[in-house]
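Structural description and commentary
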Amino acid sequence: MTPTKTRSLDAAVDLLGTEGLRALTHARIDERAGLPKGSTSNYFRTRATLLSGVLDQILQREMAEFGTSFSPSTGADLVEALCGMFEQVTVSNQILTTARLVLFMEASHDDELREAINRGRDAMESWFVPAMARLGSRDPDGAAQAVIACFEGLVLHRIARHDHTDPRPLFERVVRGALG
């Protein structure tokens, strides 16, 4: 990816995560990225291609950060991993996560975005299902679904409601239930 395209996408993520969907225009992205006018529209001619590009950028950054390091060996390790990931996405990467959630809502009526979100979910499941099998779950697919749903729900509450409840007790409960 070219440096200009990366700067455009990073600026778009920042705008979405700090100001919301209405702030996302080609001109505002160019301004935020410190690029000449028209730079972003050279890469993303339509709003749909821009939104899809931004979501792909978010997913790529998240996958690079979490995908290779997910290998819990016990239920307690899984809870620790979930707590660490939760802290990362809701504190260190809060703007990125907020941008992703903004796009999740937009995907409710955008088939292309929904497909991109599904790719991200499939990638997440590709880490969790084998982990649940290694940890002894009788139903690794169902266990992964339960853990992921809990994680996503808590992320949504932390970001949208500024709910700072400790997630550990809920992660412990869902992991216990998922592992049987």
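You'll find the structure just up there.
Below is a summary of the structure that appears in this document. (Residues numbered from 1 in each chain as written. Predicted model: local features only at pLDDT ≥ 70, side-chain atom pairs only at ≥ 80, totals over all residues. Heavy atoms only, no water.)

Some details on the packing of aromatic side chains
Inspection of the entire model under this criterion finds four aromatic pairs. Aromatic pair phenylalanine 86 and phenylalanine 171: ring centres 5.9 Å apart, planes at 75°, arrangement edge-to-face. Linking phenylalanine 86 in helix α5 (residues 75-92) with phenylalanine 171 in helix α9 (residues 168-179), this pair joins segments that are 85 residues apart in sequence. Note on phenylalanine 86: relative accessible area 3%, which makes it buried. Taken together, Phe86, Phe151 and Phe171 form an aromatic cluster joined through their ring pairs. (Phe/Tyr/Trp six-rings, centres within 6.5 Å; stacked < 30°, edge-to-face > 60°. Helix = DSSP H or I, 4+ residues; strand = E, 2+ residues; numbered from the N terminus. Buried < 20%, exposed > 50% of the residue type's maximum accessible area, 1.4 Å probe, protein only.)

What about the pattern of salt bridges?
Under the definition given, this model contains eleven salt bridges. Residue glutamate 19 pairs with arginine 28 through a salt bridge whose shortest N-O separation is 2.7 Å. For glutamate 19, a relative accessible area of 40% corresponds to the partly exposed category. The class for arginine 28 is partly exposed, based on a relative accessible area of 29%. Between arginine 114 and aspartate 111 there is a salt bridge, with its nearest N and O atoms 2.2 Å apart. Within this pair, arginine 114 and its partner aspartate 111 are both found in helix α7 (residues 111-134), separated by three residues, close to a single helical turn. (Salt bridge = Lys/Arg side-chain N within 4 Å of Asp/Glu carboxyl O.)

Some details on the packing of α5 against helix α8 (residues 140-161)
Between two packed helices, the angle of one axis relative to the other and the distance separating the axes together describe the packing. Where α5 meets α8, the closest approach of the two axes is 10 Å, and the angle between their N-to-C directions is 35°. Viewed along their axes, α5 and α8 form a crossing whose handedness is right-handed. Facing Leu82, Met85, Phe86, Val89, Thr90 and Val91 of α5, the residues of α8 in contact are Val147, Phe151, Leu154, Val155, Arg158 and Ile159. (Axes fitted to C-alpha atoms, helices over the stretch in contact; angles between N-to-C directions. Left-handed = near helix turned anticlockwise from the far one by under 90°. Contact = heavy atoms within 4.5 Å.)

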